[in-house]
Amino acid sequence: MSDDKQPEARIFEVETRFQRMARQPGGVSRDQALKRAQETIEELKVDFAGWLAQKLQDLEMATRRVERHPTNLFLIEKAHQNCCQIRDVGTTMGFELVTDISNNLCDILDAMKAGLPYEKEMIDCHLDALILSSKPPYCNLRADQLPEMTSGLRQIVERCNTSPTE
């Protein structure tokens, strides 16, 4: 080993284009940006029920494909992606129950990707609950307002997470 001391590393900051643009004058204040975002969300809510109905139909078709080919990971992933889209926007649009139920279904589809066998009743139960929760008067409810349903669905998810995989 050499006793030569290595020079200390030189650290220098690199300014990105984004950082330069962020410091430029102009733009809108945080409050204005939040107000605009909220207004945009309110505009989108008008069409959300139609979007949700279409996405639920897409999800149902995707799960039917999985039913016919229960070991096809590509099809399971497509169903999972459909479900995630629903889950990710539900609460923003005021459909908290939809988010909760679709989150459960996402967990089931994740477990299927890890080897859980397809169980039609488990999937159908969640699809039925999603369809119900997408319509009045259920669409504006939270999970804690329907504890029997949501805890029952959660038990199904817990069961699939503890089931031995084949």
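Residues numbered from 1 in each chain as written. Predicted model: local features only at pLDDT ≥ 70, side-chain atom pairs only at ≥ 80, totals over all residues. Heavy atoms only, no water.

### A closer look at helix 2 (residues 30-68)
No. 1: Taking 1.5 Å of rise per residue, the 39 residues of helix 2 would be expected to cover 57 Å, yet its terminal C-alpha atoms sit only 50 Å apart, more than 12% below that figure.
No. 2: Of all bends in helix 2, the biggest is about 55°, found at Asp47.
No. 3: All of the buried residues along helix 2 are Phe48, Leu52, Lys55, Leu56, Asp58, Leu59, Ala62, Thr63 and Val66.
No. 4: Packed against the buried residues of helix 2 are helix 3 (73-90), helix 4 (96-113) and helix 5 (120-133). (Helix = DSSP H or I, 4+ residues; strand = E, 2+ residues; numbered from the N terminus. Expected span 1.5 Å × (residues − 1). Bend = angle between axes of the 7 residues up to and from the residue. Buried < 20%, exposed > 50% of the residue type's maximum accessible area, 1.4 Å probe, protein only. Contact = heavy atoms within 4.5 Å.)

### A look at the packing of aromatic side chains
No. 1: Evaluated as defined, the whole model comprises two aromatic pairs.
No. 2: Between Phe48 and Trp51, the ring centres sit 5.5 Å apart and the planes meet at 25°, which makes this aromatic pair stacked. Placement of both Phe48 and Trp51 in helix 2 is noted, with a separation of three residues, approximately one turn of the helix.
No. 3: Judged by its relative accessible area of 5%, Phe48 falls in the buried class.
No. 4: On the accessibility criterion, Trp51 (31% relative accessible area) is partly exposed.
No. 5: Between the aromatic rings of Phe48 and Phe95, the centroid separation amounts to 4.9 Å while the plane-to-plane angle is 65°, which identifies the pairing as edge-to-face. Linking Phe48 in helix 2 with Phe95 in the loop between helix 3 and helix 4, this pair joins segments that are 47 residues apart in sequence. Residue Phe48 shares its accessibility class with Phe95, and that shared class is buried. (Phe/Tyr/Trp six-rings, centres within 6.5 Å; stacked < 30°, edge-to-face > 60°.)

### Here's the deal with helix 4
No. 1: Here helix 4 contains 18 residues, and its C-alpha end-to-end distance of 26 Å stays within 8% of the 26 Å for a straight helix at 1.5 Å per residue.
No. 2: Within helix 4, the full set of buried residues consists of Leu97, Val98, Thr99, Ile101, Ser102, Asn104, Leu105, Cys106, Ile108, Leu109, Ala111 and Met112.
No. 3: Phi turns positive, to about 120°, at Gly115, one or two residues after helix 4.

### A closer look at the pattern of salt bridges
Opposite charge on two side chains lets them pair, provided their charged atoms get close.
No. 1: Counted according to the given criterion, the structure contains 13 salt bridges.
No. 2: Measuring nitrogen to oxygen at the nearest pair gives 3.9 Å for the salt bridge that ties Arg64 to Glu60. Taken as a pair, Arg64 and Glu60 lie in helix 2 at a separation of four residues, close to a single helical turn.
No. 3: Overall, the relative accessible area of 33% leaves Glu60 in the partly exposed class.
No. 4: Taken together, the salt bridges that share partners define one network made up of Glu60, Arg64, Glu67, Lys120 and Asp124. (Salt bridge = Lys/Arg side-chain N within 4 Å of Asp/Glu carboxyl O.)

### Observations concerning unusual backbone geometry
No. 1: For the peptide bond that leads from Pro136 to Pro137, omega is 0°, which places it in the cis range.
No. 2: In this fold, Pro137 is placed in the loop between helix 5 and helix 6 (147-162).

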